Amino acid sequence: MARPRVLSGIQPTSDSFHLGNYLGAVRQWVPLQETHDAFYMVVDLHAITVTPTAAELRARTRVAAAQLFACGLDPERSSVFVQSHVREHAELAWMLICMTGMGEAGRMTQFKDKSAKYGEGSASVGLFTYPILQAADILLYQTDQVPVGADQKQHIELTRDLAQRFNTRYGAKTFTLPNPYIVKEVEKITDLQDPTAKMSKSSSSPQGILDVLEEPGTLRKKVMRAVTDTGSEIVADDENKPGVTNLLRILSALTGTTIADLEARYVGAGYGTFKKDVAEAVIETFAPIRERAEKLLANEAELDRMLAVGAAKARAVAQETMEKARDAMGFLPTH
Ligand code: AQP
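(A) Expanded view of the nonpolar core. Core analysis: the largest hydrophobic core is formed by 57 residues, its most contacted members being Leu19, Tyr22, Leu68, Leu210 and Phe274. Take this core: its biggest share by element is ten residues, from helix α12 (residues 271–297). Dropping the residues within four chain positions of it, Leu210 is found in contact with Phe17, His18, Leu19, Leu192, Met199, Leu219, Lys222, Val223, Val282 and Phe286. Core analysis: the next-biggest nonpolar cluster, separate from the first, contains 40 residues, Leu92, Leu139, Tyr141 and Ile156 among them.

(B) Local environment of the site of the ligand. In the vicinity of the ligand, 24 residues are found, and the nearest of them are Thr13, Lys114, Asp151, Lys201 and Ser202. Interatomic distance of 2.9 Å between a backbone N/O atom of Gln11 and an oxygen atom of the ligand. One of the side-chain N or O atoms of Lys114 is found 2.4 Å from an oxygen atom in the ligand. Contact with the protein chains removes 97% of the 640 Å² of surface that the ligand exposes when unbound. At the level of secondary structure, the elements contributing two or more residues to the shell around the ligand comprise β1 (5–10), α1 (19–35) and α6 (109–116). With four residues, the single largest contributor to the shell around the ligand is α1. In the shell around the ligand, the residues fall into six nonpolar, twelve polar and six charged.

(C) How the structure looks around the pairing of strand β2 (residues 37–42). Within β2, five of the six residues are buried, leaving the element largely enclosed by the surrounding structure. The handedness of the β1 to β2 crossover, carried by α1, is right-handed. Taken together, the five bridges between β2 and strand β3 (residues 78–82) define a ladder with parallel strand orientation. Bridge pairing in β3 links Tyr40 to Val80.

(D) Seen up close, the side chain of Lys275. Following the sequence through the fold, Lys275 ends up in helix α12. An unpaired buried charge is present at Lys275: no salt bridge exists, and Asp229, the closest side chain of opposite charge, is 9.1 Å distant. Once residues lying within four places of it in the same chain are set aside, the contact partners of Lys275 are Val223, Met224, Arg225, Ala226, Thr228 and Leu247.

Criteria and thresholds
- Residues numbered from 1 in each chain as written.
- Predicted model: local features only at pLDDT ≥ 70, side-chain atom pairs only at ≥ 80, totals over all residues.
- Heavy atoms only, no water.
- Core = buried A, V, L, I, M, F, W, Y, C linked by side-chain atoms within 4.5 Å.
- Buried < 20%, exposed > 50% of the residue type's maximum accessible area, 1.4 Å probe, protein only.
- Helix = DSSP H or I, 4+ residues; strand = E, 2+ residues; numbered from the N terminus.
- Contact = heavy atoms within 4.5 Å.
- Near = heavy atom within 4 Å.
- Polar contact = N/O pair within 3.5 Å; in protein donor to acceptor, adjacent residues only side chain to side chain.
- Areas by Shrake-Rupley, 256 points an atom, 1.4 Å probe, with all protein chains shown as cover.
- Nonpolar A, V, L, I, M, F, W, Y, C, P; charged D, E, K, R; others polar.
- Right-handed = clockwise from strand over helix to strand, strands pointing away.
- Pairing = 2+ DSSP bridges.
- Lys, Arg positive; Asp, Glu negative; His and termini not counted.
- Salt bridge = Lys/Arg side-chain N within 4 Å of Asp/Glu carboxyl O.

The following block contains the structure:
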C-alpha cells in the first residue's frame, strides 16, 4: 500500500526560523519522513506578500532551506524544494481564487492579524489571497496530512472546503482532502515578552523571539529576561501564568520530560534556576542545527543542487495533479 502523503512549508520571511517554527512544525517533519511520502518546501511565493528586497528573498530562501536540512530533513527520503521552482502552485492558486468567496477569504484571522500592522487598505492583495495559495500548495500534492502549528488550522479548513467544492463541481476525484497534523503541546509557542501572543518572525520583538541561528549568549539573555508572572511557583496555568507555562512547555518539549515532572522538580526553586535550565536546553538543541546550517550555506552550489533534486520530484507530482485539474475545469489540452 502507498504511504500516506505529508506536506508542509515554511516562509523565508526572516534570517532564521524561531523556536515556535521549530517545535510547532519542523521538528515533526523529521520523523514523518520515515513513515510518509514527504514533501517540504520553502514557500518563497508566500514571502513576497510582505515585499522583501530581491537580495533579502534570495538570502532568506537559502537560509531557510539550509535550516530544513540542518534540522534533519534528508533529501533522499523527502522532497525538499523551493515553491517557486514548481510553477503549478501559482496556476492552481488562480483557479482556486476564482472559486473562493470574498467573505470566505475575509474571515481568515491570520490576514486580519498580519494586515493590521500595515494600516487599513495598505496590505497587499497577495496577503489577502495567500491562504488560497496555501490551499493550492497542499492540494497539488494530494496531501493526506499537513503538520503545522495551531495558527494554520483555519487555513487547512479552507483548503478542505475548496477541495470539496472543486470535487463536487468538476470531478469527484480531483483532489484529496487533507487533515491538519497538530501536536497539541507545542501548537502555539508564545512570545517571551508577550506570552499571550504567538512567537512570530514578523510580529515578535527581537527580545520576544528565539532564533535557531542565534548566538548562545543572546539566547541565554533572552530567556533570562523572559516575562514571568506574579508569584514564584513554577506551575502550568495558562490563565494566570502564561509566561511560566510557555517556558514549561518549551522545556518539556526539548527534554522529553512531562510538565508534571518538571513542576515537581522545581518545587521551591526560583525562576532564575528554572530559566537557566530552559536557556541551556534551547542552546543545546540549536547549536548543532546552527553548525550544520552554516556548513550548508558555505556551499551554495551544493545547496541549490539539493533543492533542484527536490523540485524535480515535486514537479512530477504537481504536473500530474494539474493535468487532471485543468481538464476537469474545462481548459483545452495544449496538444
Ligand atoms: N509560535 C508558534 N508556535 C507553534 N508553531 C508555529 N508556527 C509558526 N509560529 C509558531 C508554525 O511554523 C510553521 C511555519 O510558519 P510560517 O513560516 O509559514 O509562518 P507563520 O505561521 O506565519 O509564522 P510566523 O513566525 O508568524 O511567520 P511570519 O512572521 O512570516 O508570518 C507553520 O506550520 C506554523 O504553524
